[in-house]
Amino acid sequence: MKRGHLDDLSAFVIVARERSFTKAAAKLGVSQSALSYTIKQLEARLKLRLLTRTTRSVSPTAAGERLLRSIGPRLAEIEAELVALSELSEKPSGTIRITATEYATNAVLLPKLAKLLRSYPDIKVEIICDYGLTDIVTERFDAGVRDGEQVAKDMIAVRIGPDARMAVVGSPSYFRSRREPKKPQELVEHNCVNLRLPTHGGLYAWEFEKGARELKVRVEGQLFFNATSQMLEAALAGLGLTYLPEGLVQPYINKGRLKRVLEDWCAPYPGYHLYYPSRRQPSAAFALLVEALRHRD
């Protein structure tokens with residue numbers, strides 16, 4: 001394949017993922033007209049229409065989706081290998097992209113990355129806060145951070161935090177007019193602050209465990225958020241019960257601003273893990289990041 005053809009495929013992947021010629025052109029540092037011409041030339045060579053264009057949006061056709069799924073991960077691997085090779089003769093450098101939840105970012109990543117970033121100024125880390133089960137290969141992330149129970153079996157997983165627990169909390173003002181729930185099923189009688197998951201748009205089911213019993217409760221309420229910081233603020237304001245990491249709410253429990261319920265139903269679970277594809281050839285920068293984040297008892 002000619003070098004120019006590989007560049008055309010790379011351009012297609014960026015347009016298809018961004019679903020915008022404007023955004024893709026900005027990423028590539030070319031004009032929209034030049035990028036549009038490149039895609040038209042690629043479609044002409046393949047004799048297939050790859051993108052559907054309207055005045056408001058760009059989306060892959062069936063053939064475009066197939067091409068994106070096929071070549072996207074391969075191009076990412078090639079790019080990662082080239083970066084790794086370039087670092088063999090250089091000091092650790094480059095940008096590492098990670099998807100993580102907001103709380104994992106604040107509680108685990110930032111404190112552990114502080115020393116690494118000060119020691120290696122040429123290493124850059126981009127963290128995207130997200131509560132969906134992101135496909136890190138398709139979305140071109142180097143790694144993700146999730147609870148140990150959520151990591152796919154075909155990924156390498158490195159523990160970066162201790163076992164953790166969730167907590168159901170509400171403010172003292174909320175409980176003045178509400179009876180405290182004694183078992184998870186009673187949550188259906190309460191106004192609960194929910195987390196909206198971006199992957200399928202569903203609501204996160206609250207998970208409980210006591211002895212051999214495991215329950216998932218789909219609660220109802222007036223407020224829905226896609227981030228834990230707003231859920232916490234809503235609970236502090238007395239707007240309902242919410243379900244958050246124990247480490248996030250404990251300082252407010254200690255100060256009496258939040259009251260915890262159903263503690264005996266919130267069992268420990270495997271803490272945060274960094275995960276990445278098993279076929280990934282780690283760069284020097286990535287290897288340093290893994291060691292910096294690794295949990296040590």
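Everything numeric here is computed off the predicted structure, so don't read it as measured data.

Novice: Tell me what's going on with the sheet that holds strand β6 (residues 155–159), and back it up with residues and numbers.
Specialist: Read across the open sheet, the five strands follow the order β4-β3-β5-β14-β6; overall the sheet is mixed. A strand with exactly one partner marks an edge of an open sheet, and here the two such strands are β4 (123–129) and β6. Mean inter-strand twist for the sheet, computed between neighbouring axes without regard to direction, equals 30°. Sheet topology note: the strand β5 (residues 143–147)/strand β14 (residues 272–277) ladder contains four bridges and is antiparallel. In the strand pairing of β14, Arg-146 is matched with His-273. Contacting β3 (94–100), β4, β5, β6 and β14, helix α9 (residues 284–293) crosses the sheet at an angle of about 160° to β14.

Novice: Lay out unusual backbone geometry with the relevant residues and their values.
Specialist: The residue Arg-140 is not glycine, and still its phi comes out positive at about 65°. Its location among the elements puts Arg-140 in the loop between β4 and β5. Notably, Leu-262 is not glycine yet its phi reads approximately 60°, a positive angle. Along the chain, Leu-262 turns up in the loop between β13 (259–261) and β14. Given the relative accessible area of 5%, Leu-262 is considered buried.

Novice: I'd love a proper account of the nonpolar core, names of residues and values included.
Specialist: In terms of nonpolar packing, the biggest core is built from 37 residues, with Leu-109, Val-145, Ile-160, Val-249, Leu-258, Leu-274 and Leu-289 touching the most fellow members. Broken down by element, this core gets its largest block of residues, six residues, from helix α5 (residues 102–119). Once you skip the residues sitting within four places of it in the chain, Leu-289 turns out to touch Ile-96, Ile-98, Leu-113, Leu-116, Val-125 and Leu-274. Formed by 20 residues, the second largest nonpolar core is a distinct cluster that contains Phe-12, Val-15, Leu-35 and Leu-75.

Scoring rules and cut-offs
- Residues numbered from 1 in each chain as written.
- Predicted model: local features only at pLDDT ≥ 70, side-chain atom pairs only at ≥ 80, totals over all residues.
- Heavy atoms only, no water.
- Pairing = 2+ DSSP bridges.
- Helix = DSSP H or I, 4+ residues; strand = E, 2+ residues; numbered from the N terminus.
- Axes fitted to C-alpha atoms, helices over the stretch in contact; angles between N-to-C directions.
- Contact = heavy atoms within 4.5 Å.
- Buried < 20%, exposed > 50% of the residue type's maximum accessible area, 1.4 Å probe, protein only.
- Core = buried A, V, L, I, M, F, W, Y, C linked by side-chain atoms within 4.5 Å.

Everything listed here is a matter of geometry and, on its own, says nothing about what the molecule does.
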